[in-house]
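Listed below, chain by chain, are the residues.
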Amino acid sequence: MRTAKWYMCVFLVAFLYFYVMLIKQVRGAEVPPRPLLPAEGRQAPAYEPPQFDPQFQDGETDSVGFSYHNYDQMTAYMRKVAAERPDITALYSIGTSVQGRELWVLVVSASPYEHMIGKPNVKYVGNIHGNEAIGREVLIHLIEVSCRSGSLPPYTAMRTAKWYMCVFLVAFLYFYVMLIKQVRGAEVPPRPLLPAEGRQAPAYEPPQFDPQFQDGETDSVGFSYHNYDQLTAYMRKVAAERPDITALYSIGTSVQGRELWVLVVSASPYEHMIGKPNVKYVGNIHGNEAIGREVLIHLIEYLTTRYNTDPYVRWLLDNTRVHIMPSMNPDGFEVSREGSCQGGQGRFNSNGFDLNRNFPDYFKTNNKKSQVETEAIKEWLNKIQFVLSAQLHGGALVASYPFDNTPNADDGNSVRDSPVPQRTGRAWYDPLVQPVWNALGEPIRVIRQFRTTESRSPDDDTLRHLAKVYSYNHGQMYKGEPCANKGLGAERFPDGITNGAKWYPLTGGMGDYNYVWHGCMELTLELSCCKYPEARQLRSFWRDNRKALVKLLGEAHRGVRGYVVDINNNPIEGAGLKVKGRNIGFQTTQHGEFWRILRPGNYVMEVFAEGYYPREQAFSVSEERPTEISILLERVPEVNRHDFTPPPLAPPPPTAAPSGLSGLWTRLTGGFQSLFG
Ligand SMILES: [Zn+2]
């Protein structure tokens, strides 16, 4: 580079560095909005014990030792305390010294991670003059006596009424904070402005698209089924042990109040990095289909234990945010029975609804009452734009892809579900209905084969490819062998894949909903002929699925990605995009990002945004790496608006779009007419 460019570059990097530091400083000072308390008005929690100045009690701190702590020893001590007492401590660093040592701070408080409204902050700073050592050591002993000696001052007994009040306030604040976390969880940092050459995502490392998969064992997690408590404990343990690459959150609760846990596994677990695609796996949507739930637990173990040693896993987690939900129907799982291969006990949520028939449907009106689990998923998809996804089932061995429903045939839903009452009492369900279910399975399958037709989506080539990535990396699936059972799995599937509606059409499925309303390519993976096989078979199921599970996630990096920006390089949120010739749209995120999985070839992207001239941009996709494009839209000047004819609007979808997304439909041309042609 010429000298002038170097100076410019150094200046920009320095500017960005200080800018980011400034943002961090400011953000660090942010506090949650002040909660509105009940009718009495705004109150800080009452002081307990009631007197202002409880008696100080002496306490020994021999455990920390009476010797000086050098930097490494002090660091180790601070980390140990923070790990042992996360309930009352939080460790952070405000920066580094000239020689790069951290300027450690330990918060010691009943609310270490958050500023509670009304609670004052105080601080001690030791060792400002490096050779004045007593302050450094007495502060370490102060930490020890506060956190680890177990001699906290005794509280005087509170009166009962105050206890209730206190418990209520704590519970209220807890849920309020959880709510804020839910909402804030979707927040992402503002998009950084990069130097003049243009906006670029970091280069892929390793550079090749598809490094080799390496087998790995996950015995540490055990090959037995995990019930809700065991699953919760496992997810919490992983999140606590690997905060660098995991983050645990819940998208809501089931009807019976169980958390719908999701573990993010990624090199940036807590934040969406601009340009990095989000992908997800959802297991156990039918509570009695248990293999998906367990292989996802093993997938978590596989990814988290191999990040530091396996180049493929490192590449995947460095460049992708993987969200794993082992169970979408935890209530159903709790009443399901190990060894029960067919039938429906535990399939439904605890209100008796089939969650994979509970979503808005593009082709047919879905009148089923929306369930809390379904609402949680819809809210989740509104917050995070997923690029690629799969839902995991049992009862067959096949990778199925959208569309799952069709405008052409009768609703196959009634055929499949007819032997099962919508609401079931668990006590009498099995003995009465199970034989009917089994007896009807074969005739239903035979009848159905004559009446189902393929329901091809505009991205049929992409979806078939994704389904084959799964089936051919699976130990058995690609063979397409029929299951020995008499249900829907007793069919031969060429390549181990099928169009969903060709297999059997269903209304209200989660797959079509992801694809049509959220631009997310979702597969329905049927992983086992037996829905809930005995635990001794779990190891072989994991071995059959592990490579396929890992390889499918990498497909999020195939195709095209980029940004839609205005002439000032500002991102345009909610711009509508469509690959020309494929009449289905998707939208940019709030940072102007988009992703679309495509097979190698030449394409044209059509882009529309309100107030801008529409734009078409040609691009090509290669096998080796994703194509990155930046699409610049030019504003329509106010004075010329009357000269400009906006593109024809798409027809509204046949069923109501979820609120907040209806704009998608008005922004796109084309639409779905061609689907019916
Ligand atoms: Zn299922």
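Every chain is numbered independently, its residues counted from 1 as its sequence is written. For this predicted model, a pLDDT threshold of at least 70 governs which residues receive local features, and a threshold of 80 or more governs which side-chain atom pairs are given and counted, while totals over whole chains, interfaces and linings are taken from all residues. Note: side-chain values were computed over all heavy atoms of the structure, leaving out hydrogens and water.

Side note on the packing of helix H6 (residues 291–306) against helix H15 (residues 538–554)
Only the stretch in contact is used when a helix axis is fitted, and all axes are lines through C-alpha atoms; the angle between N-to-C directions ranges over 0 to 180 degrees. Secondary structure elements follow DSSP: runs of H or I of four or more residues count as helices, runs of E of two or more count as strands, with numbering from the N terminus. Packing of H6 against H15 brings their axes to within 9 Å, and their N-to-C directions diverge by 65 degrees. Like other packed secondary-structure pairs, H6 and H15 cross with a definite hand, here right-handed. Facing H6, whose interface residues are Ile 291, Glu 294, Val 295, His 298, Leu 299 and Tyr 302, H15 presents Leu 538, Phe 541, Trp 542, Asn 545, Leu 549 and Val 550. Three categories are distinguished: nonpolar for Ala, Val, Leu, Ile, Met, Phe, Trp, Tyr, Cys and Pro, charged for Asp, Glu, Lys and Arg, and polar for the others, with Gly belonging to the last. Here the residues of the contact of H6 with H15 are counted per class, giving nine nonpolar, two polar and one charged. Crossing chirality is assigned from the near helix's rotation relative to the far helix, an anticlockwise turn below a right angle marking it left-handed and a clockwise turn marking it right-handed. It only takes one pair of heavy atoms within 4.5 Å for two residues to be counted as in contact.

Focus: the coordination of the zinc ion
Donors, by definition, are the N, O and S atoms found within 2.8 Å of a metal, the threshold being 3.2 Å for Na, K and Ca, and water is not counted, so a site can look incomplete. Bound to the zinc ion are the protein donor atoms His 286 (ND1), Glu 289 (OE), Glu 289 (OE) and His 393 (ND1), situated 2.0 to 2.6 Å from the metal. Only two sets of limits are used to name each site, 85 to 135 degrees for every angle of a tetrahedral four-donor site, and over 155 degrees for opposite donors with all other angles from 65 to 115 for a square planar four-donor or octahedral six-donor site, with any other site named irregular. Geometry at the zinc ion is irregular, judged from its four donor atoms and the angles of 54 to 153 degrees they form at the metal. When the donors of the zinc ion are listed by position in the chain, the intervening gaps give H-x2-E-x103-H. With Glu 289 in the loop between strand E5 (278–283) and H6 and His 393 in strand E7 (residues 386–393), the pair connects residues that are 104 residues apart, well separated along the chain.

With respect to the state of the cysteines
Disulfides are defined as cysteine sulfur pairs within 2.5 Å. Within the structure shown, the criterion is met by two disulfides. Residue pairing for Cys 341: its cysteine sulfur links by disulfide to Cys 530, the two sulfurs lying 2.0 Å apart. Its S-S torsion of about -90 degrees marks the bond between Cys 341 and Cys 530 as left-handed, since a negative value means left-handed. Here the residue Cys 341 occupies a position in the loop between helix H8 (330–334) and helix H9 (372–383), and Cys 530 occupies one in the loop between strand E10 (521–528) and H15, the gap between them amounting to 189 residues. Here the term buried applies to any residue with accessible area under 20% of the maximum for its type, exposed to any over 50%, and partly exposed to those in between, with areas from a 1.4 Å probe on protein chains only. Judged by its relative accessible area of 32%, Cys 341 is partly exposed. The disulfide partner of Cys 483 is Cys 529, and the S-S distance across this bridge is 1.9 Å.

A look at the packing of helix H2 (residues 71–84) against helix H3 (residues 134–147)
Between H2 and H3, the least distance of the axes is 11 Å, while the angle of their chain directions is 20 degrees. Judged by the inter-axis angle, H2 sits roughly parallel to H3. Two packed elements cross with a definite hand, and for H2 against H3 that hand is left-handed. Between H2 and H3, the contacting residues are Tyr 71, Met 74, Tyr 77, Met 78 and Val 81 on the first element and Arg 136, Ile 140, Ile 143, Glu 144 and Cys 147 on the second. Residue composition of the contact of H2 with H3, by class: eight nonpolar, no polar and two charged. With respect to orientation, any angle under 35 degrees is reported as roughly parallel, any angle over 145 as roughly antiparallel, any angle of 65 to 115 as roughly perpendicular, and every other angle as oblique.

Examining the packing of aromatic side chains
In this analysis, rings of Phe, Tyr and Trp, with Trp reduced to its six-membered ring, are considered paired at centre separations within 6.5 Å, and the interplanar angle assigns stacked below 30 degrees, edge-to-face beyond 60, and tilted for intermediate values. For the structure shown, the criterion picks out 15 aromatic pairs. A network of ring pairs unites the aromatic residues Tyr 362, Phe 363, Phe 403 and Tyr 515 as a single cluster. Think of it as a cone above the ring: NZ of Lys or CZ of Arg counts as a charge over the ring if it is within 6 Å of the ring centre and within 35 degrees of the ring normal. Just above the ring of Tyr 228 sits the side chain of Arg 258; from NZ or CZ to the centre is 5.8 Å.

Overview of the sheet that holds strand E9 (residues 497–499)
Here eight strands make up an open sheet; going across it, the order is E3-E4-E6-E5-E7-E10-E8-E9 and the pairing mixed. The outermost strands of the open sheet, each flanked by one partner alone, are strand E3 (246–253) and E9. Each strand of the sheet is rotated relative to its neighbour by a mean of 20 degrees, with strand direction disregarded. Relative to the sheet, helix H14 (residues 510–518) contacts E5, E7 and E10, its axis offset from that of E10 by approximately 165 degrees. A pair of strands is labelled paired if DSSP reports no fewer than 2 bridges between them.

Quick look at the pairing of strand E2 (residues 102–108)
As defined by bridge partners, strand E1 (residues 89–96) adjoins E2 across six bridges and the pair is classed as antiparallel. Among the inter-strand pairings, Leu 91 is bridged to a residue of E2, identified as Leu 106. Hairpin connection, E1 to E2: the antiparallel pair is bridged by five residues, and Gly 100 has positive phi, about 90 degrees.

Some details on the UniProt feature "active site" (unreviewed entry) in the protein chain
UniProt positions are given in the numbering used here, feature names are shortened, and annotations may be inferred rather than shown by experiment. UniProt's feature table lists "active site" (unreviewed entry) at Glu 526, given in the numbering used throughout. On the secondary structure map, Glu 526 appears in strand E10. Residue class for Glu 526 comes out buried when judged on its relative accessible area of 5%. Non-local contacts of Glu 526, meaning those with residues more than four positions away in its chain, are made with His 393, Gly 394, Gly 395, Ala 396, Leu 397, Val 398, Met 477 and Trp 503.

Quick look at the environment of Val 636
Among the secondary structure elements, Val 636 is positioned in the loop between strand E17 (627–633) and helix H16 (662–667). In this structure the C-alpha to C-alpha distance between Val 636 and Tyr 612, which are 24 residues apart in sequence, comes to 5.1 Å.

Remarks on the environment of Asn 367
Mapped onto the fold, Asn 367 is located in the loop between H8 and H9. Looking at Asn 367, the relative accessible area reads 72%, which means it is exposed. As for Asn 367 and Gly 508, which are separated by 141 residues in sequence, their C-alpha atoms are 9.1 Å apart.

Examining the sheet that holds strand E16 (residues 615–621)
The four strands lie next to each other as E13-E12-E15-E16, forming an open sheet whose pairing is antiparallel. Strands at the two margins of the open sheet, each flanked by one partner only, are strand E13 (586–587) and E16.

What to know about the confidence of the model for the protein chain
Residue-level confidence of the predictor is summarised by pLDDT, bounded by 0 at the bottom and 100 at the top. Summarising the model, the protein chain shows a mean pLDDT of 79, and 73% of its residues fall at 70 or more. Low pLDDT, under 50, characterises residues 28–44; the predicted model gives this stretch 21 contacts beyond four residues in sequence or across chains. pLDDT under 50 marks residues 646–677. Its contacts with residues more than four places away, or in other chains, come to 62 contacts.

Section: H14
Burial of H14 is extensive: nine of the nine residues sit out of reach of the surface. The set of residues buried in H14 consists of Met 510, Gly 511, Asp 512, Tyr 513, Asn 514, Tyr 515, Val 516, Trp 517 and His 518. Directly beyond the C-terminal end of H14, a positive phi value near 60 degrees is found at Gly 519.

What to know about the environment of Tyr 504
Among the secondary structure elements, Tyr 504 is positioned in the loop between helix H13 (500–503) and H14. In this structure, the C-alpha to C-alpha distance between Tyr 504 and Asn 405, residues 99 residues apart in sequence, is 8.2 Å.

Concerning helix H5 (residues 228–241)
Given 3.6 residues per helical turn, the α-helix brings residues three or four places apart onto the same face. Look at H5: 20 Å from first C-alpha to last across 14 residues, which is about the 20 Å you get at 1.5 Å a residue. Between N or O atoms, a polar contact is any pair within 3.5 Å; within protein, one atom must be a potential hydrogen donor and the other a potential acceptor, and residues adjacent in sequence are included only when both atoms are from side chains. You can read the cap of H5 off the contacts: a side-chain oxygen lies 3.2 Å from the backbone nitrogen of Asp 229, and it is on Asn 227. Expected span, for any helix, means 1.5 Å times one less than how many residues it has.

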